[in-house]
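Structural characterization, general
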Amino acid sequence: EAQVTQNPRYLITVTGKKLTVTCSQNMNHEYMSWYRQDPGLGLRQIYYSMNVEVTDKGDVPEGYKVSRKEKRNFPLILESPSPNQTSLYFCASSLGGPYSNQPQHFGDGTRLSIL
Amino acid sequence: GQQLNQSPQSMFIQEGEDVSMNCTSSSIFNTWLWYKQEPGEGPVLLIALYKAGELTSNGRLTAQFGITRKDSFLNISASIPSDVGIYFCAARIQGAQKLVFGQGTRLTINP
């Protein structure tokens, strides 16, 4: 089954304790992206990757890092989480490069609470 | 940056009623997408629109890409309880690798 898998689904942690949210897709998609969803703001892009070893900032990259060492995985790293990063996070992937019209497929989300 | 204004923010309707929601922007886009999100899940694509003026249906759902390329609407006919959820519009300019999302429309249906 084609899917985007995020782990963990839920995490409660404390300020400053490094954490990683993993994202994996089995569709051989080139493009992967991370979003955060906050009430009244819709989804905002954090980082995206157009292929292996190619990443770029989205609209709200501060406080986040990503890596793309393999095509299927795109982890989101919070080196020193802060309470304002409490949010619902989504990973997404799509086929194709910069001029593709292929729509994105989303994972089921990771709810992070930073105390 | 580009912003999408989605309205209404929420809707409370009776089962069987038709639903209409829209997204507008001051920017021009080449792609409009409509997603539905159910509790505890990620957004799922409903309809994708790639040409100005395009009208596309998916079952009881119909969406249109505005002729000015600055807006789009989604209609749901004869709503049923499983239509409950949050509907998002999203848009992308040509060559851009990011989607801009609307704030979402939360649909609640009274049986």
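Going by the structure above, here's the rest.
Residues numbered from 1 in each chain as written. Chains lettered and ligands numbered in written order. Predicted model: local features only at pLDDT ≥ 70, side-chain atom pairs only at ≥ 80, totals over all residues. Heavy atoms only, no water.

Points about the pattern of salt bridges
Under the criterion given, the structure shown has 7 salt bridges over all chains. We note a salt bridge from Lys71(A) to Glu30(A), for which the minimum N-O separation is 4.0 Å. Within this pair, whereas Lys71(A) is found in the loop between strand 7 (65–66) and strand 8 (76–78), its partner Glu30(A) is found in the loop between strand 3 (19–25) and strand 4 (31–38), the two being separated by 41 residues in sequence. We classify Lys71(A) as partly exposed; its relative accessible area is 25%. The salt bridge involving Lys36(B) is made with Glu38(B); its shortest N-O contact spans 3.1 Å. You can call Glu38(B) partly exposed: its relative accessible area is 34%. (Salt bridge = Lys/Arg side-chain N within 4 Å of Asp/Glu carboxyl O. Helix = DSSP H or I, 4+ residues; strand = E, 2+ residues; numbered from the N terminus. Buried < 20%, exposed > 50% of the residue type's maximum accessible area, 1.4 Å probe, protein only.)

Concerning the interface of chain B and chain A
The partner chain A presents 25 residues to the 19 residues of chain B that form the contact. For the chain B and chain A pair, buried surface summed over both sides reaches about 1800 Å², with 51% attributable to carbon and sulfur atoms. The interface formed by chain B and chain A includes 0 salt bridges. Across the chain B-chain A interface, the total number found is 4 residue pairs in polar contact (both at pLDDT 80 or more). Taken together, the elements giving at least two residues each to the side of chain B that touches chain A come down to strand 4 (31–37) and strand 9 (85–92) of chain B. Per-element tally for the side of chain B that touches chain A: the top contributor is strand 4 of chain B, with 3 residues. Along the lines of polarity and charge, the residues of the side of chain B that touches chain A split into 8 nonpolar, 8 polar and 3 charged. (Contact = heavy atoms within 4.5 Å. Buried area = accessible area lost by both parts, 1.4 Å probe. Polar contact = N/O pair within 3.5 Å; in protein donor to acceptor, adjacent residues only side chain to side chain. Nonpolar A, V, L, I, M, F, W, Y, C, P; charged D, E, K, R; others polar.)

What about the nonpolar core?
Membership of the largest hydrophobic core comes to 23 residues, with the highest contact counts inside it found for Trp32(B), Trp34(B), Leu74(B) and Leu107(B). Going through the elements one at a time, strand 2 (10–14), strand 3 (19–24), strand 4, strand 5 (44–49), strand 7 (61–65), strand 8 (71–76), strand 9 and strand 11 (105–110) of chain B are the ones with two or more residues in this core. Ranked by size, the runner-up nonpolar core spans 19 residues in total, among them Val21(A), Met27(A), Met32(A) and Ile46(A). (Core = buried A, V, L, I, M, F, W, Y, C linked by side-chain atoms within 4.5 Å.)

Comments concerning the state of the cysteines
One covalent bond between the sulfur atoms of two cysteine residues makes up a disulfide. Throughout the structure, instances matching the rule amount to 2 disulfides over all chains. Note on cysteine connectivity: Cys23(A) is disulfide-linked to Cys91(A), with sulfurs 1.9 Å apart. In this structure, the disulfide formed by Cys23(A) and Cys91(A) twists by about -75 degrees around the S-S bond and is classed as left-handed. Linking Cys23(A) in strand 3 with Cys91(A) in strand 9 (residues 87–94), this pair joins segments that are 68 residues apart in sequence. Two residues share a disulfide in this structure: Cys23(B) and Cys89(B), whose sulfurs sit 1.7 Å from each other. Here the S-S torsion is close to -80 degrees, and the disulfide linking Cys23(B) with Cys89(B) is therefore left-handed. (Disulfide = S-S within 2.5 Å.)

A closer look at the packing of aromatic side chains
Residues and elements named next belong to chain A. By the definition in use, this model includes 10 aromatic pairs over all chains. Measuring from centroid to centroid gives 5.9 Å for Tyr31 and Tyr48, while their planes differ by 35 degrees, and the two rings are tilted. Residue Tyr31 is found in strand 4, and its partner Tyr48 is found in strand 5 (residues 42–51); the two are separated by 17 residues along the sequence. According to the relative accessible area criterion, Tyr31 is buried, its value standing at 1%. Taking the relative accessible area as the measure of exposure, Tyr48 reaches 13% and is therefore buried. (Phe/Tyr/Trp six-rings, centres within 6.5 Å; stacked < 30°, edge-to-face > 60°.)

Focus: the sheet that holds strand 8 of chain B
Residue and element names in this part refer to chain B. As summarised here, the arrangement of the 5 strands in space is 1-3-8-7-6, forming an open sheet in which the pairing is antiparallel. Here the strands that pair on one side only, and so sit at the sheet edges, are strand 1 (5–7) and strand 6 (55–58). Strand-to-strand, the axes of this sheet are offset by a mean angle of 15 degrees, without reference to chain direction. With 5 bridges connecting them, strand 7 and strand 8 associate as antiparallel partners. Note that in strand 8 the partner of Leu61 across the bridge is Ile76. (Pairing = 2+ DSSP bridges. Axes fitted to C-alpha atoms, helices over the stretch in contact; angles between N-to-C directions.)

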